[in-house]
Amino acid sequence: MAATVRMGAHVDSTDPVAAAQERGAGLSQFFLGNPQSYKGPVVEYAGGAAALREAAEAAGVDLYVHAPYLINVASTNNRIRIPSRKLLQQFVDAAAEVGAKGLIVHGGHVESEADVEKGFDNWRKAVDATDLKVPLLLENTAGGDNAMARTLDRIARTWEAISAADGSENVGFCLDTCHAHAGGIPLATAAEQVRAITGRIDLVHCNDSRDEFDSGADRHTNLGEGLIDPDELVAAVRSAGSPVVIETRGGLEGQIADLDWLRERL
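Our subject in this report is the structure included herewith. (Residues numbered from 1 in each chain as written. Predicted model: local features only at pLDDT ≥ 70, side-chain atom pairs only at ≥ 80, totals over all residues. Heavy atoms only, no water.)

**A short note on the sheet that holds strand β5 (residues 136–139)**
Turning to step 1, where the next piece is worked out: Sheet architecture is closed into a barrel: 8 strands sit in the order β1-β2-β3-β4-β5-β6-β7-β10, paired in parallel fashion. Each strand of the sheet is rotated relative to its neighbour by a mean of 25°, with strand direction disregarded.
Turning to step 2, where the next piece is worked out: Across 3 bridges, the pairing between strand β6 (residues 171–176) and strand β7 (residues 203–206) is parallel. Opposite Leu175, over in β7, you have Val204 as the bridge partner. (Pairing = 2+ DSSP bridges. Helix = DSSP H or I, 4+ residues; strand = E, 2+ residues; numbered from the N terminus. Axes fitted to C-alpha atoms, helices over the stretch in contact; angles between N-to-C directions.)

Below, the structure is given as structure tokens:
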């Protein structure tokens, strides 16, 4: 199976194509700018967006863009939700310009338990309001009592709301293994359960976890070095059958080691 699954890593945005080649990988994921900022996207690749798109196509490297962490379209706070929607459109547009296969965005959260229903509907409104020129990949998250995509129940409710929006066919799912483990979703059946809800898994973030099951802690570690059962981690990736991104430590050497670790077991 390893020969048929495209794999890669989250890399620096300066040259995602070269980064994939250095890792012997078929894809790269990267940020377009500061992930902790409300500033718009920045393409650091020499020659700009068009040059990056052409280089990736020539090299046969798939590109994925991860949206800023601050985007929270579920929020009931206007000062968060409105800038988040604006930023989401800007990053969709930028991802399309570089030829990305998808834009990954976290599910976000609401301010209180009482706001959860509003959060689901805010996701519907966000999809309605966004011109999805590339697939928008909703990623499950690790913690937060008021998170939209931590538990299977919340993922199902969020997906139900999104499905009622115009353009919902352009929304996919990114399964993060560390987040699932930390969020209390058993990895042995995570892919099957998510697919039963969404009908699809478009991307896997394959990461080990430094923390216990259902801890709510989003702390990645290298594959085989954390608290996720290695067999369950591999089973989740195999069951998903989707492209894989490693988001682990150790730079080039650490990521090559993790990619090799996964290839050997698939």
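**Re the packing of aromatic side chains**
Turning to step 1, where the next piece is worked out: One pass over the full model with this rule turns up 2 aromatic pairs.
Turning to step 2, where the next piece is worked out: An angle of 80° between the planes, with centres 5.5 Å apart, marks the rings of Phe31 and Tyr69 as edge-to-face. One end of the pair, Phe31, is in the loop between β2 (27–30) and α2 (48–59); the other, Tyr69, is in the loop between β3 (62–66) and α3 (78–97), with 38 residues separating them in the sequence.
Turning to step 3, where the next piece is worked out: Exposure remark for Phe31: the relative accessible area of 15% places this residue in the buried category.
Turning to step 4, where the next piece is worked out: With relative accessibility at 38%, the residue Tyr69 sits in the partly exposed group.
Turning to step 5, where the next piece is worked out: Seen from their ring centres, Trp159 and Phe173 are 6.5 Å apart, and the 70° between their planes marks the pair as edge-to-face. A residue pair is termed long-range when its members are at least 10 positions apart, and Trp159 in helix α5 (residues 152–163) and Phe173 in strand β6 qualify at 14 residues. Here Trp159 and Phe173 have matching classes, each one buried. (Phe/Tyr/Trp six-rings, centres within 6.5 Å; stacked < 30°, edge-to-face > 60°. Buried < 20%, exposed > 50% of the residue type's maximum accessible area, 1.4 Å probe, protein only.)

**Focus on the pairing of strand β1 (residues 7–10)**
Turning to step 1, where the next piece is worked out: As defined by bridge partners, β1 adjoins strand β10 (residues 244–246) across 3 bridges and the pair is classed as parallel. Pairing of Ala9 across the sheet is with Ile246, part of β10.
Turning to step 2, where the next piece is worked out: As judged from the 3 bridges shared by β1 and β2, these two strands associate in the parallel manner. Paired with Gly8 across the bridge in β2 is Leu27.
Turning to step 3, where the next piece is worked out: Where the polypeptide runs from β1 across helix α1 (residues 16–22) and back to β2, its parallel neighbour, the crossover connection is right-handed. (Right-handed = clockwise from strand over helix to strand, strands pointing away.)

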